[in-house]
Amino acid sequence: LTMAQIDSTFVEQLTQYSYLPARIISNTINRNRNFITLNRGRQHGIMEDMAVITPDGSMVGYVVGCSARYSVVISILNGDFTTSGKISGDEHFGSITWNGHSPHKVQMSELTKYAEFEEGAPVVSSGLSHIFPEGIRIGYVEERTENENHTSFDVEIRLAADMTRLSNVILIENTSYNEISELENSERLKTL
């Protein structure tokens with residue numbers, strides 16, 4: 001790669017996302033399906049599938065519904081939430097979900113046993129979901145165990161965000177989301 005190619009890739013990443021602040025007006029943490037309500041909606045530029053993070057860059061959830069002035073976010077503490085994560089510094093990825101037990105922990109499954117990491121290693125978004133940019137902090141490895149087939153790790157992750165004390169958030173729009181989704185869902189690709 002030439003320096004010009006590296007610079008253009010960096011600029012493309014900067015312009016692929018736009019950011020908007022919002023305030024939380026409602027947040028549940030003790031149900032199996034937790035949601036967050038924000039004081040911003042369509043008239044403020046909010047739309048479905050926008051990522052939601054803390055002001056210091058930790059994952060919170062993503063927008064699933066909007067009215068003119070408000071929006072609803074599926075929390076990372078929701079049994080239906082899923083995204084792709086990876087150990088920081090290791091390109092192996094796994095699936096991030098919540099088992100419904102603790103508001104301070106999520107789980108990663110399907111992480112190959114070839115991944116190299118220690119307890120305390122940072123876990124970040126992989127960038128494969130199209131909602132969250134790569135590198136959004138999810139949390140830190142607390143424990144790992146091999147799955148039943150000894151083919152991958154199940155990882156317990158202590159969340160970086162304190163979901164019990166949220167007040168302000170940042171919404172991130174992937175300006176390429178619709179184009180990518182339409183291409184991936186096109187009839188042409190379904191027949192391959």
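Everything below is about the structure shown above.
What you see is a predicted model; the values in this text were computed from it and never measured.

Draft legend 1. Just the overall build of the protein chain, in detail. Within the protein chain, the regular secondary structure consists of 3 helices and 12 strands. A total of 192 residues make up the protein chain; the buried ones form 41% of that total. Counted over contacts in the protein chain with a minimum sequence separation of 6, partners at least 24 positions apart contribute 57%. When the accessible area of the protein chain is evaluated, it comes to approximately 10700 Å², of which 49% is carbon and sulfur surface.

Draft legend 2. Region of the structure containing the sheet that holds strand E1 (residues 17–27). If you walk around this closed barrel you meet the 6 strands as E1-E2-E5-E4-E3-E12, and the pairing is antiparallel. Neighbouring strand axes in the sheet, compared pairwise and without regard to direction, differ in orientation by 45 degrees on average. Pairing of strand E4 (residues 59–66) with strand E5 (residues 71–78), which is carried by 5 bridges, proceeds in the antiparallel orientation. Along E5, the bridge assignment pairs Cys66 with Ser71.

Draft legend 3. View of unusual backbone geometry. The residue Asp49 is not glycine, and still its phi comes out positive at about 70 degrees. Along the chain, the position of Asp49 falls in the loop between strand E2 (33–38) and strand E3 (51–53). On the accessibility criterion, Asp49 (26% relative accessible area) is partly exposed.

Draft legend 4. Looking closely at the pairing of E4. Among the 8 residues that make up E4, 7 are buried, leaving the element largely enclosed by the rest of the structure. In this sheet, E4 lies alongside E3 in antiparallel orientation, the contact comprising 3 bridges. If you follow Ala51 over to E4, its bridge partner there is Tyr62. Joining the antiparallel neighbours E4 and E5 is a turn of 4 residues.

Draft legend 5. Highlighting the pattern of salt bridges. Summed over all chains, the structure comprises 8 salt bridges. We note a salt bridge from Asp80 to Arg33, for which the minimum N-O separation is 2.7 Å. Here Asp80 is found in the loop between E5 and strand E6 (83–87), whereas its partner Arg33 is found in strand E2, with 47 residues between them in sequence. Two residues, Glu48 and Arg42, come together in a salt bridge whose shortest N-O distance is 2.9 Å. Arg42 gets classed as partly exposed once you look at its relative accessible area, which sits at 43%.

Draft legend 6. Representation of the sheet that holds strand E9 (residues 122–125). Spatially, the 6 strands close up into a barrel ordered E6-E7-E8-E11-E10-E9, and their pairing is antiparallel. Averaged over neighbouring strand pairs, the angle between their axes works out to 40 degrees when direction is ignored. Here 3 bridges tie E6 to E9, and the two strands are oriented antiparallel to one another. Bridging from a neighbouring strand, Ile87 pairs with Val123 of E9.

Draft legend 7. Local environment of the nonpolar core. Counting 45 residues, the largest nonpolar core has Ile76, Phe117, Ile138 and Met163 as the members making the most contacts within it. With 5 residues, the single largest contributor to this core is E4. The residues touching Met163, leaving out its near neighbours within four places in the chain, are Asn27, Ile29, Ile36, Met59, Val60, Ser75, Ile76, Leu77 and Pro103.

Draft legend 8. Region of interest: the side chain of Gln16. Summarising the element assignment, Gln16 is placed in the loop between helix H1 (3–15) and E1. In this structure Gln16 comes out as buried when scored by relative accessible area, which is 19%. Among the polar contacts made by the side chain of Gln16, one reaches the side chain of Asn174 at a distance of 3.1 Å.

Rules used throughout
Residues numbered from 1 in each chain as written. Predicted model: local features only at pLDDT ≥ 70, side-chain atom pairs only at ≥ 80, totals over all residues. Heavy atoms only, no water. Helix = DSSP H or I, 4+ residues; strand = E, 2+ residues; numbered from the N terminus. Buried < 20%, exposed > 50% of the residue type's maximum accessible area, 1.4 Å probe, protein only. Contact = heavy atoms within 4.5 Å. Areas by Shrake-Rupley, 256 points an atom, 1.4 Å probe, with all protein chains shown as cover. Pairing = 2+ DSSP bridges. Axes fitted to C-alpha atoms, helices over the stretch in contact; angles between N-to-C directions. Salt bridge = Lys/Arg side-chain N within 4 Å of Asp/Glu carboxyl O. Core = buried A, V, L, I, M, F, W, Y, C linked by side-chain atoms within 4.5 Å. Polar contact = N/O pair within 3.5 Å; in protein donor to acceptor, adjacent residues only side chain to side chain.

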